[in-house]
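Residue strings, one per chain:
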Amino acid sequence: MQRHHKKTNWLNYFRPTIFIKTFSDINIFLLRKIGIKILVCDLDNTLSPHFTRWPNKKVIDFCNEVQNNGIKLVIVSNNSKRRVLTYTSRLASDAVVYNAKKPLKRKLMKTLNRLDFRPNEVIFVGDQFITDIWLANRIGCRSILLLPITDQSNNDTSSKLIKFLDKFIYRKLEYGNYLRLDYSRDKGLGDEHEFI
């Protein structure tokens, strides 16, 4: 007897739960309401451009709001220890992961396990499909894709390749109508059911 396996669309591995413009549009109150206890946030091009040494007031207020709502904040970055620790020294966070080697899971999972996490209580915020959204989907948590703050990135070969692949995935998801940029703080970040 021949078995028929359901074919999974490869794009599903890169689909975010929701897609919004910037971290300041995230409705932290709604995240708490749907049971989010840990917010994992990428740093470069998500909170600030990679060349920005210190967080601005907007970033500091966002991080404070996350923690004031009882949500643990984890900053995760593939950047160097010096860059990440310098930047996060002015932020309220529960954990910082530098040289994370995203989309590999090991370093981030080590931190999440220390925080006694459950995948359905975690949301991952980032600006890239390959290093952020794919990682979130592999962990089994929800995700928020943001528009990159700037088009500029590191000039190494791997960064250029990731940027190229991200643009390709974006076009495919947009063509398939998998992305809808229509959520904002004013709209309450969509309906709660968008997260379920």
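Refer to the structure printed above.
Residues numbered from 1 in each chain as written. Predicted model: local features only at pLDDT ≥ 70, side-chain atom pairs only at ≥ 80, totals over all residues. Heavy atoms only, no water.

Tallying secondary structure elements over the protein chain gives six helices and six strands in all. Of the regular secondary structure in the protein chain, the N- to C-terminal order runs β-α-β-α-β-α-β-α-β-α-β-α. Evaluated residue by residue, the protein chain yields a buried proportion of 45% over its 196 residues. Sequence-distant contacts, at least 24 apart, represent 71% of the contacts inside the protein chain between residues at least 6 apart. Within the structure as shown, the protein chain displays about 11100 Å² of accessible surface, and the carbon and sulfur contribution to it stands at 49%. (Helix = DSSP H or I, 4+ residues; strand = E, 2+ residues; numbered from the N terminus. Buried < 20%, exposed > 50% of the residue type's maximum accessible area, 1.4 Å probe, protein only. Contact = heavy atoms within 4.5 Å. Areas by Shrake-Rupley, 256 points an atom, 1.4 Å probe, with all protein chains shown as cover.)

Trans peptide bonds make up the majority, and among non-glycine residues the majority have a negative phi. A cis amide bond links Lys-102 to the next residue, Pro-103, at an omega of 15 degrees. Tracing the backbone through its elements, the reader meets Pro-103 in the loop between strand 4 (95-97) and helix 4 (106-114). Even without glycine at this site, Lys-101 takes up a positive phi of about 60 degrees. Along the chain, Lys-101 falls in the loop between strand 4 and helix 4. Positive phi outside glycine occurs at Asp-116, with the angle close to 55 degrees. Position of Asp-116 among the secondary structure elements: in the loop between helix 4 and strand 5 (122-126). On the basis of relative accessibility, which here comes to 66%, the residue Asp-116 falls in the exposed class.

Along the chain, the position of Thr-88 falls in helix 3 (residues 81-88). A relative accessible area of 7% places Thr-88 in the buried class. Engagement of the side chain of Thr-88 in a polar contact is seen with the backbone oxygen of Val-84, the distance being 2.8 Å. Not counting residues within four places of it along the chain, the set of residues in contact with Thr-88 comprises Leu-43, Ile-75 and Val-96. (Polar contact = N/O pair within 3.5 Å; in protein donor to acceptor, adjacent residues only side chain to side chain.)

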